[in-house]
Amino acid sequence: MERRPFCFTAAVRHAAVMCWNICRNILRLRFFITIRIFFRNPNYNPNISEQAEYDKRKQELIRYIHTVSYGNTVQWIDCDHEPEKFEAVATGYEKEPERGKRCYRCYHLRLSYTAAGAEKGRYDYFCTTLSISPHKNADWLMEIGETLAKECGVAYLPSDFKKKNGYKRSIELSKEYGLYRQNFCGCIYSRMAAAKEQ
């Protein structure tokens, strides 16, 4: 049977979801689909303001993929770090609270890149691991994904990976694999908000 291509973006912070929800829901299908991970850290995430943080997350995801053997069914697609793209969508929204309009615009930017990659690669589906986080709005992700699916002609895989204890299990697996976890999404605004909470 021919493997069907599946475009997936993965976040280092949420990389363990690949072992839990994705394993359970998608990787069991790896005999029928090919999973490709776009890394513009994470989930085409140009919002990571510091190059060192970007590099750390990138290397951690590479380490995880090599630690947990998925055979050749998970392919890595490396991309450039482009923080200026996030700065462009955040301009005018700097004072928005976390989980506000700035975040919506960031989700759209990230999923737009994934959808375009899925269209260009002639994939059957695209998705994101962002929904594993209780700090991300799964309804917004679904809305954006479904809108982009109509625009690019590639189906969006509806998902809320935090359901069924997905977030809890991702934390357990992060500990099991010694994965780097951070308390902010990567953008300067999230970093400042996390610092205030400490």
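Bear in mind the structure is a predicted one, so any value in this text is a computation, not a measurement.

A. Highlighting the overall build of the protein. Of the regular secondary structure elements, the protein holds seven helices and five strands. Counted from the first residue to the last, the protein has its helices and strands arranged as β-α-β-α-β-α-α-β-α-β-α-α. The 198 residues of the protein split such that 51% are buried. Contacts in the protein between residues at least 24 apart in sequence constitute 77% of all its contacts with a sequence separation of at least 6. For the protein, the computed accessible surface area is about 9700 Å², with 51% contributed by carbon and sulfur atoms.

B. Representation of the nonpolar core. Residues Y107, L111, F126, L141, L148 and Y156 are the most contacted members of the largest nonpolar core, which totals 15 residues. When residues of this core are traced back to their parent elements, those giving at least two are α4 (101-120) and α5 (138-152). Excluding residues within four positions of it along the chain, Y107 makes contact with L130, H135, K136, N137, W140, L141 and I144.

C. Just the pattern of salt bridges, in detail. Counting across every chain of the model gives eight salt bridges. The salt bridge partner of E50 is R191, with a shortest N-O separation of 3.5 Å. With E50 in the loop between β2 (33-39) and α2 (51-67) and R191 in helix α7 (residues 188-197), this residue pair connects regions lying 141 residues apart in the sequence. The exposure class of E50 is partly exposed, given its relative accessible area of 36%. Salt-bridge contacts for E82 lead to K85; the nearest nitrogen and oxygen are separated by 3.5 Å. A residue is classified by how much of its surface remains accessible, and K85, at 36% relative accessible area, is partly exposed. Salt bridges sharing partners connect three or more residues here, namely K168, R169 and E172.

D. Geometry of α7. Listed in full, the buried residues belonging to α7 are Y189, S190 and A194. Taken down its axis, α7 places every buried residue within 135 degrees of arc, on the same side. Exposed residues lying more than 90 degrees from the buried face of α7 are A195 and K196.

How each quantity is defined
Residues numbered from 1 in each chain as written. Predicted model: local features only at pLDDT ≥ 70, side-chain atom pairs only at ≥ 80, totals over all residues. Heavy atoms only, no water. Helix = DSSP H or I, 4+ residues; strand = E, 2+ residues; numbered from the N terminus. Buried < 20%, exposed > 50% of the residue type's maximum accessible area, 1.4 Å probe, protein only. Contact = heavy atoms within 4.5 Å. Areas by Shrake-Rupley, 256 points an atom, 1.4 Å probe, with all protein chains shown as cover. Core = buried A, V, L, I, M, F, W, Y, C linked by side-chain atoms within 4.5 Å. Salt bridge = Lys/Arg side-chain N within 4 Å of Asp/Glu carboxyl O. Arc of directions from axis to C-beta.

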